[in-house]
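Notes for the structure review
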Amino acid sequence: MSNADLLRRSLAAVWHPCTQMKQHAADLPLVPVVRGEGLWLYDADGRRYLDGISSWWVNLFGHCNPRINAALADQLGRLEHVILAGFTHEPVVQLSERLSALTGGALGHCFYASDGASATEIALKMSFHYWQNTGRPEKREFVALAGGYHGETVGALAVTDVAIFRDAYAPLIRAAHVVPSPDARQAAPGETAADVARRAAAALETFLEDHHERIAALIVEPLVQGAAGMAMHDPEYLRLARALCDRFEVHLICDEIAVGCGRSGTFFAHEQAGIKPDFLCLSKGISGGYLPLSVVLTTDRVYEAFYDDATARGFLHSHSYTGNALACRAALATLDLFAEDDVLAKNRARGDKLEALLAPLAAHEKVRHFRRRGMILAFDVEADVGFGRRFYREALARELLLRPMGNTVYFMPPYILGDDDAAFLAAAAAAALEAALR
Ligand SMILES: *Cc1c(COP(=O)(O)O)cnc(C)c1O
């Protein structure tokens, strides 16, 4: 299909996500892609775009990565999918063992689904059901952070505090309690990020003192609240929240759907606080950005509360593609890349390099709160409400895919960004900023 064909037919037949479709008739471009290679996406005329946001935070090792491709080709010749109720297979067993090992064995039981919102739903349902099974049925409410994002199904929206995604559906939703975010941008003059974290934790403590008897779980995005605009916080918050959850008998759910798999600088973000959650949700990067896959890891203690003669005390949740063999194999190939290429260490240098190249942008007179956690870099721009859309267009015109959230520009590149790529990215972003501010 030619570029023009692809665009015309897409607009007629495809209802694109997270989009007011009428904007495509006005000034919102729709980009046709026929091929991907490494950091680059190509259209039918050979026009190219550097994928600066890892295609919605999922791609870790580039498009059409030869090693993941080879693993998938091998898996395709063996087994594409099999029902996971009553059946099992090697990729799902190996993946479960390896993920558990990455938690130091603390979270030894893996439950699978296909997308992040479903992982959130699974963690919420398991926590609720755990308290039922252990004789505490009054613990049935959830606590979430201001600005938190955990997916957009009706259940996940209950713990998502992003008005634009939630408000239209408010009558459908049993909204969770919302406590203050430890977002370090709230620091008053002279305050550190850890001070903000302690203040937010004190608010959580006050809340739990009053309500813990009804609370099943606290759900957090550790270190970086993505959809809130890459709001970053000090690990101190996670340490204090973990201690409060222990004291008040409340589960801690770490939603690492975006920040897991090396994105925060460690393989799991919660490692930086030296804590372990009761539930850990992974998706997005887990399959290298190849196939829909999500997983919830939990502890022996939770698992054992469901292990019983009574069927109804079991966790009967299911999805048709649970534990899909191809997706699990893509995830295994992704974990192999981490191990074989010393990715976390190389990402430290990669992130440092990009941060240094972005220093002039950080010092720009309209730029506020330049921040970084691992392979996530972001800044806010003092500008009118149309800025984000203009920046997006100006970046595309310079062969760069960046997709601001409001007036927050962020970078979440794949872990194959070389020095030249980083220089290209920084220069194109700087030029797009100037153009979008004019
Ligand atoms: C993307 C995301 C989700 C939802 O994942 P989907 O696969 O889009 O349903 C949940 N939580 C966080 C933190 C996310 O970034």
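Above: the structure in question.
What comes next concerns the included structure.

Conventions we followed
- Residues numbered from 1 in each chain as written.
- Predicted model: local features only at pLDDT ≥ 70, side-chain atom pairs only at ≥ 80, totals over all residues.
- Heavy atoms only, no water.
- Near = heavy atom within 4 Å.
- Polar contact = N/O pair within 3.5 Å; in protein donor to acceptor, adjacent residues only side chain to side chain.
- Areas by Shrake-Rupley, 256 points an atom, 1.4 Å probe, with all protein chains shown as cover.
- Nonpolar A, V, L, I, M, F, W, Y, C, P; charged D, E, K, R; others polar.
- 1 Å grid on protein atoms, 1.4 Å probe; cavity = no way out; pocket = protein on both sides within 12 Å on 5 of 7 lines; lining within 4 Å.
- Points joined across faces, edges and corners; volume = space filled by probe spheres on them.
- Salt bridge = Lys/Arg side-chain N within 4 Å of Asp/Glu carboxyl O.
- Helix = DSSP H or I, 4+ residues; strand = E, 2+ residues; numbered from the N terminus.
- Buried < 20%, exposed > 50% of the residue type's maximum accessible area, 1.4 Å probe, protein only.

Turning our eyes to something else, we now look at the site of the ligand. The ligand sits among Trp-57, Asp-115, Gly-116, Ala-117, Tyr-149, His-150, Gly-151, Glu-221, Asp-255, Ile-257, Ala-258 and Lys-284. Contacts to the ligand include Lys-284, whose side-chain N or O atom sits 2.5 Å from an oxygen atom. In isolation the ligand exposes 380 Å². Once the protein is present, 82% of that is buried. Counted by class, the shell around the ligand contains five nonpolar, three polar and four charged residues.

Applying the stated criterion across every chain, the model contains one cavity of 30 Å³ or more. Quantified by volume, the largest cavity comes out at close to 40 Å³. In terms of residue class, the lining of the largest cavity is made up of five nonpolar, two polar and two charged.

Counted according to the given criterion, the structure contains 31 salt bridges. The residue Glu-236 makes a salt bridge to Arg-198 at a minimum N-O spacing of 3.8 Å. With Glu-236 in helix α10 (residues 236–247) and Arg-198 in helix α9 (residues 193–211), this pair connects stretches of sequence that are 38 residues apart. The class of Glu-236 is buried, set by a relative accessible area of 17%. Look at Arg-198 and you get partly exposed, because its relative accessible area is 40%. Put simply, Arg-368 and Glu-382 hold a salt bridge, and the shortest N to O gap is 3.1 Å. Taken together, the residues Arg-368 in strand β13 (residues 367–373) and Glu-382 in the loop between β14 (376–381) and α15 (387–397) connect sequence positions 14 residues apart.

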